[in-house]
Amino acid sequence: VRDKIRQEQSAVKTIQRTLGDLRADVQLEQPSPFAATIDGQTFDKRKEAGAAILTAASDMLQNGQTDRENIGSYGGFRLSLDELDFGHYALQLEGKGTYSVNFELAKADAQGLAVRMSNAVNDLPGAVKKMETALDRSEKAIPALEEQVRAWPKEDELKTAEQRHREVIDQIGR
């Protein structure tokens with residue numbers, strides 16, 4: 001039970017930190033209508049933006065790069081690319097927090113990739129609500145768990161038996 005209490009306390013700290021990032025990122029600009037800048041060129045069509053991201057990933061593959069910082073922006077979010085393993089990439093949308101859209105270069109659809117990029121940040125208000133629910137659940141669990149950890153009526157008897165056990169072990173060892 002004590003381990004579970006420590007786990008919940010750790011979860012509360014992590015959730016609070018993540019929640020702060022999410023709340024800050026909800027405030028960042030999300031372009032309407034769609035607009036993304038990739039490698040210095042601004043795109044107002046999802047398919048073209050997705051194609052530019054795929055081209056950047058393809059260039060990384062050809063050049064042997066495993067990551068590429070700041071390939072552009074989507075609203076108030078910086079965009080970066082990371083190679084996860086051969087041909088698999090993560091498009092990172094970076095605000096206060098980082099939101100990933102994973103894709104396989106050989107199978108990715110340009111339009112679909114740009115839609116997933118938009119959804120990654122459009123879904124942030126829902127993520128805030130989920131994190132608030134998780135925080136509330138963890139904060140309520142801690143007192144309930146702490147209530148289970150109370151003094152055991154035979155604790156003194158146990159300590160006496162443990163002490164006697166150590167004494168016997170010491171005498172045997174001599």
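Preceding this section is the structure that the text describes.
Keep in mind the model is a prediction, meaning the values are calculated, not measured.

Chemist: Honestly, unusual backbone geometry in this entry has me stumped. Any pointers?
Modeler: Excluding glycine, residues mostly carry a negative phi; peptide bonds, for their part, are mostly trans. At the junction of serine 32 and proline 33, the peptide bond is cis and its omega measures out at 5 degrees in the coordinates. By the secondary structure assignment, proline 33 is in the loop between helix H1 (2-26) and strand E1 (36-38). Its identity as a non-glycine residue notwithstanding, aspartate 39 has a phi of 50 degrees, on the positive side. As for its position among the elements, aspartate 39 is in the loop between E1 and strand E2 (41-43). One non-glycine residue, asparagine 70, lies in the positive phi region at around 50 degrees. Relative to the elements of secondary structure, asparagine 70 occurs in strand E3 (residues 67-74). Residue asparagine 70 is classed as exposed on the basis of its relative accessible area of 52%.

Chemist: What exactly am I supposed to notice about the sheet that holds strand E4 (residues 77-85) here?
Modeler: Sheets are built from strands paired through backbone hydrogen bonds, the pairs being either parallel or antiparallel. Read across the open sheet, the 6 strands follow the order E2-E1-E3-E4-E5-E6; overall the sheet is antiparallel. Both outer strands of the open sheet, E2 and strand E6 (98-104), are each paired with one neighbouring strand and no more. On average, each strand axis in the sheet is inclined to that of its neighbour by 30 degrees, with strand direction left out of account. Running at roughly 45 degrees to E4, helix H2 (residues 46-63) makes contact with E1, E2, E3, E4, strand E5 (88-94) and E6 of the sheet.

Chemist: Looking at this structure, I do not really get H1. What am I missing?
Modeler: The terminal C-alpha atoms of H1, which comprises 25 residues, lie 36 Å apart, in line with the 36 Å expected from a rise of 1.5 Å per residue. Those residues of H1 not exposed but buried are Ile5, Glu8, Val12, Ile15, Leu19, Leu22 and Asp25. Along its buried surface, H1 packs onto E4, E6 and helix H4 (124-148).

Chemist: Can you walk me through the packing of aromatic side chains in this structure?
Modeler: For any pair of aromatic rings, the description consists of the separation of the ring centres together with the inter-plane angle of the planes. Enumeration over the complete set of coordinates arrives at 3 aromatic pairs. Note on phenylalanine 34 and tyrosine 74: the rings are 5.6 Å apart at their centroids and 35 degrees apart in plane angle, and the pair reads as tilted. Taken together, the residues span a long stretch of sequence, with phenylalanine 34 in the loop between H1 and E1 and tyrosine 74 in strand E3 at a distance of 40 residues. Judged on exposure class, the residue phenylalanine 34 and its partner tyrosine 74 are both buried. Look at phenylalanine 77 and tyrosine 99: their rings are 6.3 Å apart centre to centre, the planes differ by 80 degrees, and that puts the pair in the edge-to-face class. In this pair, phenylalanine 77 sits in strand E4 while tyrosine 99 sits in strand E6, placing the two residues 22 residues apart along the sequence. Here the two residues phenylalanine 77 and tyrosine 99 agree in accessibility, since each one is buried.

Thresholds, definitions, all that
- Residues numbered from 1 in each chain as written.
- Predicted model: local features only at pLDDT ≥ 70, side-chain atom pairs only at ≥ 80, totals over all residues.
- Heavy atoms only, no water.
- Helix = DSSP H or I, 4+ residues; strand = E, 2+ residues; numbered from the N terminus.
- Buried < 20%, exposed > 50% of the residue type's maximum accessible area, 1.4 Å probe, protein only.
- Pairing = 2+ DSSP bridges.
- Axes fitted to C-alpha atoms, helices over the stretch in contact; angles between N-to-C directions.
- Contact = heavy atoms within 4.5 Å.
- Expected span 1.5 Å × (residues − 1).
- Phe/Tyr/Trp six-rings, centres within 6.5 Å; stacked < 30°, edge-to-face > 60°.

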